Amino acid sequence: MITNNPFAELSATIPEFAMQAYVVAMFLLVIGGTVLDMIHKKSAQYFFENAKKAEKDAKRTVSGGEKVSMAISTLTSEVLTSSEFQNTRRRISHLFTMYGFIIFVASTAWLIFGYASVDAATPSWLAAAWHLGAASLCFGGYWFWFSIRVDVSAEGVKWYDLRLADLFILSCLMMATFALLWSATMGGGTLNMLFFAAFIIASTTLFSTVMWSKFAHMFFKPAAAYQKRVTKADESREGLPADYDLTDPAVQAKYPDIPEYMGTNPPNMGAGIRRERANHY
Amino acid sequence: MPTFVYMTRCDGCGQCVDICPSDIMHIDKTLRRAYNIEPNMCWECYSCVKACPHHAIDVRGYADFAPLGHSVRVHRDEEKGTIAWRIKFRNGKKDFDLLAPITTKPWGTAIPKLANESAPDDSMRNSHLLYNEPKYIQLDKDGKDSLHTLKSNKLSMKAGVYY
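Conventions adopted
Residues numbered from 1 in each chain as written. Chains lettered and ligands numbered in written order. Predicted model: local features only at pLDDT ≥ 70, side-chain atom pairs only at ≥ 80, totals over all residues. Helix = DSSP H or I, 4+ residues; strand = E, 2+ residues; numbered from the N terminus. Buried ≥ 20, exposed ≤ 12 C-beta atoms within 10 Å, placed from the backbone. Contact = placed C-beta atoms within 7 Å. Pairing = 2+ DSSP bridges. Axes fitted to C-alpha atoms, helices over the stretch in contact; angles between N-to-C directions. Expected span 1.5 Å × (residues − 1). Bend = angle between axes of the 7 residues up to and from the residue. Parallel < 35°, antiparallel > 145°, perpendicular 65-115°, else oblique. Domains from an automatic or database assignment. Core = buried A, V, L, I, M, F, W, Y, C linked by C-beta atoms within 7 Å. Nonpolar A, V, L, I, M, F, W, Y, C, P; charged D, E, K, R; others polar. pLDDT = per-residue confidence, 0-100.

A.B. asks: Give a detailed account of the overall build of chain B, specifying residues and quantitative values.
C.D. replies: On a plain count of helices and strands, chain B comes out with three helices and seven strands. Along its sequence from the N terminus, chain B presents helices and strands in the succession β-α-β-β-α-β-β-β-β-α. Looking at chain B as a whole, 22% of its 163 residues qualify as buried. At a minimum sequence separation of 6, the contacts of chain B that also span at least 24 residues come to 43%.

What follows is the structure in structure tokens.
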């Protein structure tokens, strides 16, 4: 079943051109929503002002080569593996959701622009990627929704207590869920059309409400992560104390409590409060 | 000096909500980021500032004794077992850097086994010393007389309020 291309079967009812126009419209809505979001929240303005402030406090100049290396490590660390999450469960759930979303959206566009006709020979791996992407999005998303979401895990809010902040995750989840149900009930008459309508409503909601959701985070988060690395490299460190090497004799001479109580080569003390999950209420 | 959160740095992990002794760090219902719900009930204990893994919480000093523009930042490094502070004054002339140990043994390896200790006898119950004092406060090295009390320091309490 998962190797079937649902858009090929849909092309019997909806013309290929209409499907492609819908994808383009959603793409334009995301671009427009992101720009409006940046203007409304002034996130770009804040980012550049903060970068300028950090540059003023810099103790050394970061070379072009270092900047390239930092951009690469930001890509491999924060972007590709979501290393900014301290909570391991949240990081794993985010990776499932993120990669599921990317695979699902990319394969949808590919299927619609390449294989959305009844006689199209869709590669089975592409149709499988579409289904597995949606399944991965559902797995990470529902895990987040029912147990990791901070309102639920830290504030005792019930999972069914909906707020405007839930618009992004819920529309994302509904889109993937109804896409799978629509594909599973292909040829099922009214029920199938009902799932298809729900899929379209959910995806339209997701892509048209960027200004009110956190969809735009995927654009500014990498920039913020890169900027954080720059502040460490130029030693401005956002006003934070230096990262001391406890075995350095100069540090030990300046802070004699360190060798006196911890020795000249202190061991790694391991995790302290983070040995347990933050749910002691 | 109540705490406040930089929303752009917070990822809503809940560490500050967990650790706040006043239960005033909460998660914003719309933005899913932490915030101080009642700044004038804040003890300024810095627990949340130290616990935040993203250094997203800062402290705003009251203007009567800490002029605007100052900065007090802290980094609690659990793996190194240290706490580092950096205090910057508004005039830029003072910039303190402090570093101190917060543990001498790996975390979780030196938890006292209180259940294995014998029950206190009457003399211990009636004593002004707390459990394992003076041994744990290391004031018994030279015998009982080394305890610093008002009497041993030839001091006495005076009646009334004085400074």
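Once you've had a look at it, read on.
A.B. asks: Tell me what's going on with the overall build of chain A, and back it up with residues and numbers.
C.D. replies: In terms of regular secondary structure, chain A is built from twelve helices and zero strands. Tracing chain A from N to C terminus, the helices and strands come up as α-α-α-α-α-α-α-α-α-α-α-α. With the principal axes as the frame, chain A shows a C-alpha extent of 80 × 45 × 35 Å. When the 281 residues of chain A are sorted by exposure, 26% land in the buried category. Counting contacts in chain A only where the partners sit at least 6 residues apart, residues at least 24 apart contribute 76% of the total.

A.B. asks: I'd like to hear about the sheet that holds strand β6 (residues 82–88) of chain B, residue by residue, with values.
C.D. replies: All names here are of chain B. Pairing within the open sheet is antiparallel, and its three strands lie in the order β5-β6-β7. In this open sheet, the two edge strands, each paired with only one partner strand, are β5 (71–77) and β7 (95–101). Ignoring strand direction, the axes of neighbouring strands in this sheet form an average angle of 10°. Here β6 runs beside β7; their pairing, made up of seven bridges, is antiparallel. Counted as the bridge partner of I83 is A100 from β7.

A.B. asks: Report on helix α4 (residues 64–81) of chain A, specifying residues and quantitative values.
C.D. replies: Residue and element names in this part refer to chain A. Helix length check: α4, at 18 residues, gives a terminal C-alpha distance of 24 Å against a target of 26 Å (1.5 Å per residue), a fit within 8%. At T74, α4 is bent by approximately 30°, the largest bend along its length. Two residues or fewer after α4 comes S82, characterised by a positive phi angle close to 50°.

A.B. asks: Let's hear about the packing of helix α3 (residues 43–56) of chain A against helix α10 (residues 217–233) of chain A: which residues, and what values?
C.D. replies: Residues and elements named next belong to chain A. Contact pair α3 / α10: the axes reach a minimum separation of 11 Å and the direction vectors enclose 10°. In terms of their interaxial angle, α3 and α10 are classed as roughly parallel. Contacts from S43, F47, A51 and A54 in α3 reach F220, A223, A224, Q227 and T231 in α10.

A.B. asks: Please provide a residue-by-residue account of the domain arrangement of chain A, values included.
C.D. replies: When the domains of chain A are assigned, the result is domain 1 (6–233) and domain 2 (245–273). Taking the mean C-alpha position of each, domain 1 of chain A and domain 2 of chain A sit 44 Å from one another.

A.B. asks: Please provide a residue-by-residue account of the nonpolar core, values included.
C.D. replies: Residues and elements named next belong to chain A. Within the largest apolar cluster, 30 residues are counted, with the highest numbers of intra-cluster contacts made by A134, M175, A176, A179 and F199. Within the residue set of this core, elements represented by two or more residues are α1 (6–10), α5 (88–114), α6 (124–148), α8 (167–184) and α9 (190–208). Top contributing element to this core by residue count: α8, with eight residues. Those residues in contact with F199, other than ones at most four positions away along the chain, are M175, F178, A179 and W182.

A.B. asks: Give a detailed account of the pairing of β6(B), specifying residues and quantitative values.
C.D. replies: Looking down a regular strand, the side chains alternate between one sheet face and the other. Residue and element names in this part refer to chain B. Pairing of β5 with β6, which is carried by seven bridges, proceeds in the antiparallel orientation. Across the sheet, residue D77 finds its bridge partner in β6, namely T82. The turn joining β5 and β6, which pair antiparallel and follow one another in sequence, is formed by four residues; a positive phi near 75° is taken by G81. Joining the antiparallel neighbours β6 and β7 is a turn of six residues, in which G92 adopts a positive phi near 75°.

A.B. asks: So, the interface of chain B and chain A: which residues are in play, and what are the values?
C.D. replies: Facing the 38 residues of chain B at the interface are 39 residues of chain A. Elements supplying a minimum of two residues to the side of chain B that touches chain A: α1 (15–19), β2 (25–27), β5, β6 and β7 of chain B.

A.B. asks: Tell me about unusual backbone geometry, and name the residues and values.
C.D. replies: Residues and elements named next belong to chain B. A positive phi angle is found at Y46, which is not glycine, with a value near 70°. As for its position among the elements, Y46 is in the loop between β3 (34–36) and α2 (47–51). Positive phi is not limited to glycine here, since H55 has a value of about 50°. Structurally, the position occupied by H55 is in the loop between α2 and β4 (57–59). Overall, the presence of 20 C-beta atoms within 10 Å leaves H55 in the buried class.

A.B. asks: So what's going on with the packing of helix α2 (residues 16–41) of chain A against α9(A)? Which residues, and what values?
C.D. replies: All names here are of chain A. Viewed as axis vectors pointing N to C, α2 and α9 meet at an angle of 30°, and their least axial separation amounts to 8 Å. Here α2 lies roughly parallel to α9, going by the angle between them. Contacts between α2 and α9 involve M26, L29 and V30 from the former and S203, F207 and S208 from the latter. Partitioned by chemical class, the residues of the contact of α2 with α9 number four nonpolar, two polar and no charged.

A.B. asks: Can you tell me about α2(A), naming the residues and giving the values?
C.D. replies: The terminal C-alpha atoms of α2(A), which comprises 26 residues, lie 37 Å apart, in line with the 38 Å expected from a rise of 1.5 Å per residue. Looking at the residues trailing α2(A), positive phi occurs at A:K42, about 55°.

A.B. asks: Please provide a residue-by-residue account of the confidence of the model for chain A, values included.
C.D. replies: Summary statistics for chain A give a mean pLDDT of 90 and a share of 100% for residues scoring 70 or more. The secondary structure element of chain A with the lowest average pLDDT is helix α7 (residues 150–153) of chain A, at 77, and the one with the highest is helix α11 (residues 249–254) of chain A, at 96.

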